[in-house]
Amino acid sequence: MPPPPHDRALPETARTRHRRLREQGSLDRADLDTILAAGFVCHLGVSVDGTLMVVPTVYGSDGSTLYFHGSVASRSLIASPGAAVCVTVTHVDGLVLARSVFEHGVNYRSAMVFGVPRPVTDPDEKLEGLRCLTEQATPGQWDYARRPSRKELAATALLALSLEEASVKVRTGPPDDGDSPDAELPVWAGVLPLHASWGAPEPDPLLNPEIVAPPHIAPRSAVQERPAAPASRTGPPGSPRRAAG
């Protein structure tokens, strides 16, 4: 299935409607794509044997489908076919330090994807899904390392989830209390940015010393993994009167 146009709006459903902090919400499909492209670890919310679990796992997106490892979720699908899950991806971009604790918050980008995942059983699609996962984390690695054998493919649980139903929220900018009575307080206020960057590659101690890091890995140690955030939205999440939802 070809990726949907980036200028198409995300459909609003009962699960994705922005009820709180609506100014931070987005229905722009491009915002969803940007948030997903910026990471490779998601959190999968699923019910397993009657117990709610949130499981961290790696993912990859081809623009229309989210692929992720799912041995735990696969057990749930076998026990309860048709059960819905929620996959979240969150990037923290900074702390918003206000003049009052009540107004403190976080600059962030987040996406929640809802739906019923399906186990990927077709060998060709499973290979493509694993390629998405690998390239999401380390572009260029799929064509560099040995690819999975048939035995390894059979032992790998891979799930696919449509990106059709998703909720996006973004918060950027300074605190909101600059024009409030608290602005008179002798308290520093602003944003403490958070940037993620890769360190220098550390070779396996058993690696042949003549093998050096390939061109698609070595340069990443100088790159900060933080693309431009979507359009500015304010209002700190998680405060007593500004809880996201």
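Residues numbered from 1 in each chain as written. Predicted model: local features only at pLDDT ≥ 70, side-chain atom pairs only at ≥ 80, totals over all residues. Heavy atoms only, no water.

Asker: I would appreciate a short explanation of the pattern of salt bridges in the present structure.
Answerer: Side-chain pairing between opposite charges can occur once the charged atoms of the two side chains come close. If you walk through the whole model with that rule in mind, you get nine salt bridges. A salt bridge links glutamate 128 to arginine 131; its shortest N-O distance comes to 2.8 Å. Of this pair, glutamate 128 and arginine 131 both sit in helix H3 (residues 123-137), three residues apart, which is roughly one turn of the helix. By relative accessible area, glutamate 128 is classed as partly exposed at 33%. When its relative accessible area of 29% is taken as the criterion, arginine 131 is described as partly exposed. Between arginine 171 and aspartate 176 there is a salt bridge, and its shortest N-O distance comes to 3.5 Å. Taking relative accessible area as the criterion, arginine 171 reaches 0% and is therefore assigned buried. Judged by its relative accessible area of 26%, aspartate 176 falls in the partly exposed class. (Salt bridge = Lys/Arg side-chain N within 4 Å of Asp/Glu carboxyl O. Helix = DSSP H or I, 4+ residues; strand = E, 2+ residues; numbered from the N terminus. Buried < 20%, exposed > 50% of the residue type's maximum accessible area, 1.4 Å probe, protein only.)

Asker: For this particular structure, what's the right way to read H3?
Answerer: Helix length check: H3, at 15 residues, gives a terminal C-alpha distance of 21 Å against a target of 21 Å (1.5 Å per residue), a fit within 8%. Among the residues making up H3, those that are buried are Lys126, Gly129, Leu130, Cys132, Leu133, Gln136 and Ala137. All buried residues of H3 project into a common sector of 150° when viewed along the axis, lining one side. Exposed side chains of H3 directed beyond 90 degrees from the buried face belong to Pro123 and Asp124. (Expected span 1.5 Å × (residues − 1). Arc of directions from axis to C-beta.)

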